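# Structure assessment
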Amino acid sequence: MNKKIIVYQLLPRLFGNKNQTRKANGSLLENGVGKMNDLDTLHLRRIHDMGFTHVWLTGVIRHATTTNYSQNGIPGQHAAVVKGLAGSPYAITDYYDIDPDIAVDVDHRMEEFEKLVARIHYVGMKVIIDFVPNHVAREYHSICCPAGVTDLGEEDDVNMHFSPRNNFYYCPGQPFVCPVPTPEGEEPYVENPAKCTGNDRFDNRPGVGDWYETVKLNYGVDYCDAGGRSYHYDPVPSTWTKMTDILLYWASKNIDGFRCDMAEMVPHQFWSYATRIVKGRHPQMVFIGEVYDTEQYRTYVRSGFDYLYDKVGMYDCVRDIICNRCPASSITYYWQNVSDIKEHMLYFLENHDEQRIASDFFCGDGRKAVPGMMVSALMGCNPFMVYAGQEFGERGMDAEGFSGCDGRTTIFDYWCVDTLRRGHYDRRLLSQEEKRLQAIYQRVLCMANSERAFCEGDFFDLMYVNPQSQSFNPRCHYAFLRKKDKEVILVVVNFSEEANHVGVTIPGHAFDYFKMPERDVEAVDLLTDERTTFNLKKDGVVEMDLPPYSGRIFKFSIQMEDKTYELNAHNKEEFPPAHTAEHLLNQVMVRMFGCERSKNAHIERKKSKISYVLDHKPTRQEEKAIADKMNELIAEDLPVTFEFVDRDHIPEGVKIDRLPEDASETIRLVRIGDFDVCPCIGKHVRSTSQIGRFELLGTNWDGLTHSFRIRFKVIP
């Protein structure tokens, strides 16, 4: 099965920081900093279990900072050309080095990075890092470049504004005029001649609003030629080969992809050159480009980019819908506008550049983005990205220092993002609303890859046959179908704050396109597990209730024989927390003692009993280890999801020999993260934290039968 790429963007500097001082303009010693080692297997597995396939590590390459690492042989940076105390991750000072801030042992920072990459791969995800090709820090100097590598600018003729042999642009005879005052106690910053600034400022006097802390790299384009812009690509410019070598260096570190900062400010001819070489040696390497000019989308795709930010298209559209500035039906226009390259568009609702959804500058409430998240994650096979903290409703309303209170999470300051601290390192402190929001993200992101219709299937937009009516409002409702083989999923979302009863018309063309029969089908809502029956008719209407700021995701089969999700019935009145604990306990015992799952269990609300056949009587220490492991798994807040499969597609290792003889051909599998999967038709909680606390009440050992009986209860 092809996997849909779902990216989790995080800054290690912020992600693992648990220091709650949070002093505005605080130093590293005052405010602390996250480390690569904070991303241990436990926390990476939690990210994976949220449904993510890739982690984008932002800010791992060494960049300008005011923190002094001279004792480690790392050159310092003048504070006048560093934004904030921590510095921008996009003002690179050494393309071949790791940011010392995020290392426990600074002198072995590259080894720590390599181990982090290995851990991410171990839990089943892939690694993306930033490649910043357009500009570097003003005081760029590599101390870690491989032997024989000539540093950027080392052979430049600084007396020429432009030369195809230079790596930078210069203002001959003119010193750099810094737009910010020199910090107290420091000598003025000196740069003579001035290098031109990263955001295409080709004079020596950038403004405060410019990227004054960076210098523009020269890819053979003379932007100030008297006859107009001119291009000098033959022979291949020095910058092309040096930057391609940097890509190859990081590719050799076993990463899986690059997010290329401001890719459109670098000529597409370079990308054709570089991606061909890199992919020739590393065929699976993924390139994601930050391109905002929609007119250049196709050019950059042809130049080797696998995916492009769809910021000016889908992001702006969905944001305007969430903020009630345009109708939900606008989504149709924006996907159609790039329909020929739709699979190359990366959708997102937050990143480090954009304002947080829950901020006062966006819409003030993370819940309001849920329908936009559902659409962005499920309407295509293209990638979707989440920015760390988004899943908890992080507000970004801190006034951290240089960043100020702007609705964004700082990339310039040493800071602790409290929702990340609580969400990943002390989940007991999360509010119920934060837990509910995360559970919705988890449910949707997991189904994006567990349901083949979402990660591989065809798409059909239903908006053209659902105009404004009493039962459907295209201003706040959006509907579409996805289909793979015999499985169809109907997605309908509601951007409104009010619950609505809607009727969704499914046109005859959809029946013809998907080869759907007209018939009654039983559908299950993948968000709530609720079941309903639809009468599918050409140009007929499917009615449903839509909750506010949410939606419905109805899955049904269109097999001609009436073989929907008819599961064998049972008469147990289940208590979902205890029933889910039973699944966890089964797998804990299998892994700890090498036994089989229990064949004898009585699971009840007040007290439960369950037996296992073991080769020895567990010791007191082993009994304690069982309880400790259960509560550890519960605290991990693993997602509890389910999927329907037929008997011919049972995953390897899943046994169905205990199913009753009259069990249906359709099997319901219940998954608890990556820890356990087994057939079950019972009720469960949505994530393990909802189980509560596991208490082992007592045990009994029957030496004759080697039966070990556990009595337990759960306290939600």
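For the structure, check the block above.
Residues numbered from 1 in each chain as written. Predicted model: local features only at pLDDT ≥ 70, side-chain atom pairs only at ≥ 80, totals over all residues. Heavy atoms only, no water.

Scanning the model with the defined rule gives 38 aromatic pairs in all. Geometrically, the ring pair formed by Tyr169 and Tyr223 is edge-to-face, given 5.9 Å between the ring centres and 65° between the ring planes. Taken together, the residues Tyr169 in the loop between β4 (135–137) and β5 (170–171) and Tyr223 in the loop between β8 (221–222) and β9 (230–231) connect sequence positions 54 residues apart. Across the pair, Tyr223 and Tyr169 agree in class, each one buried. (Phe/Tyr/Trp six-rings, centres within 6.5 Å; stacked < 30°, edge-to-face > 60°. Helix = DSSP H or I, 4+ residues; strand = E, 2+ residues; numbered from the N terminus. Buried < 20%, exposed > 50% of the residue type's maximum accessible area, 1.4 Å probe, protein only.)

Adjacent strands of a sheet form backbone hydrogen bonds with each other and so pair up, either parallel or antiparallel. Read from one edge of the open sheet, four strands run β23-β24-β29-β28, paired in antiparallel fashion. One side of each edge strand has no neighbouring strand; the edge strands of this open sheet are β23 (600–602) and β28 (693–702). Going across the sheet, the axis of each strand differs from the next one's by a mean of 20°, ignoring polarity. Bridging between strand β24 (residues 608–613) and strand β29 (residues 707–715) involves six bridges; their strand directions are antiparallel. The partner of Ile610 across the bridge, within β29, is Ile710. Packing of helix α15 (residues 576–593) onto the sheet brings it into contact with β23, β24, β28 and β29, and relative to β29 it is tilted by some 140°. Taken strand by strand, helix α16 (residues 620–635) contacts β28 and β29, and its axis lies near 150° from that of β28. (Pairing = 2+ DSSP bridges. Axes fitted to C-alpha atoms, helices over the stretch in contact; angles between N-to-C directions. Contact = heavy atoms within 4.5 Å.)

As summarised here, the arrangement of the six strands in space is β15-β16-β17-β22-β19-β20, forming an open sheet in which the pairing is antiparallel. Edge positions in the sheet fall to β15 (458–461) and β20 (531–536), since each has one partner strand and no second. With strand direction ignored, the average angle separating the axes of adjacent strands in the sheet is 25°. Both β15 and strand β16 (residues 477–484) contribute to a ladder of four bridges, which runs antiparallel. Paired with Asp458 across the bridge in β16 is Lys483. Docked against the sheet, helix α10 (residues 370–378) engages β16, β17 (487–494) and β22 (550–557), running at close to 35° with respect to β22.

Running from amino to carboxyl end, α10 crosses helix α12 (residues 432–450) at an angle of 15°, the nearest separation of the two axes being 10 Å. Classified by the angle their axes make, α10 and α12 are roughly parallel. Crossing handedness for the pair α10 and α12: right-handed. In this structure, α10 uses Val370, Met373, Met374, Ala377 and Leu378 to contact α12, whose residues at the interface are Leu437, Ile440, Tyr441, Val444, Leu445, Met447 and Ala448. Grouping the constituent residues of the contact of α10 with α12 by class yields twelve nonpolar, no polar and no charged. (Parallel < 35°, antiparallel > 145°, perpendicular 65-115°, else oblique. Left-handed = near helix turned anticlockwise from the far one by under 90°. Nonpolar A, V, L, I, M, F, W, Y, C, P; charged D, E, K, R; others polar.)

What follows is about the pairing of β20. Relative to β20, strand β19 (residues 519–525) is paired through six bridges, and the arrangement is antiparallel. Bridge pairing links Val521 to Phe534 in β20. Counting the residues in the hairpin turn of β19 and β20 gives five residues, including Asp529, whose phi is positive at 70°.

With that settled, the discussion passes to the pattern of salt bridges. By the definition in use, this model includes 45 salt bridges. Arg259 is the salt-bridge partner of Asp130, the closest N and O atoms lying 3.2 Å from each other. Highlighted residues: Asp130 in strand β3 (residues 126–131) and Arg259 in strand β10 (residues 257–260), separated in sequence by 129 residues. Considered together, Asp130 and Arg259 belong to a single accessibility category, that of buried residues. One salt-bridge network, in which partners are shared between bridges, spans Arg62, Asp94, Asp97 and Arg109. (Salt bridge = Lys/Arg side-chain N within 4 Å of Asp/Glu carboxyl O.)

All right, on to the side chain of Asn134 then. Assignment of secondary structure puts Asn134 in the loop between β3 and β4. A polar side-chain atom of Asn134 sits 3.0 Å from a polar atom in the side chain of His135. Here the side chain of Asn134 touches Gly198 through a polar contact of 2.9 Å, landing on its backbone oxygen. Ignoring sequence-local partners within four residues, the contact set of Asn134 consists of Gly198, Trp211, Val215, Lys216, Leu217, Met262, Met265 and Val266. (Polar contact = N/O pair within 3.5 Å; in protein donor to acceptor, adjacent residues only side chain to side chain.)

A few words on the environment of Phe402. Here Phe402 lies in the loop between β14 (384–387) and α11 (418–425). Spatially, the C-alpha atom of Phe402 lies 47 Å from that of Phe554, the residues being 152 residues apart in sequence. In contact with Phe402, not counting residues within four places along its chain, are Asn25, Lys83, Gly84, Tyr212, Phe412 and Asp413.

In this section: the environment of Thr21. By the element assignment, Thr21 lies in the loop between α1 (12–15) and α2 (28–31). You can call Thr21 partly exposed: its relative accessible area is 47%. Taking the C-alpha atoms as reference, Thr21 lies 8.2 Å from Gly32; in sequence the two are eleven residues apart. Excluding its chain neighbours within four sequence positions, the residues that come into contact with Thr21 are Glu30 and Asn31.

For the rest of this paragraph, the subject is unusual backbone geometry. Here the bond from Asn192 into Pro193 is cis, since omega is 5°, no more than 30 degrees from zero. Turning to its location among the elements, Pro193 is positioned in the loop between β5 and β6 (194–195). With an omega of 5°, the peptide bond running from Asp234 to Pro235 counts as cis. Within the element layout of this structure, Pro235 appears in the loop between β9 and α5 (238–251). A positive phi is found at Asp529, a non-glycine position, where the angle reads about 70°. Along the chain, Asp529 falls in the loop between β19 and β20.

For β19, the buried fraction is high: six of the seven residues fall into the buried class. Where β19 lies against β22, two bridges are found, and the strand directions are antiparallel. Considered in β22, the bridge of Asp525 is made with Phe554.

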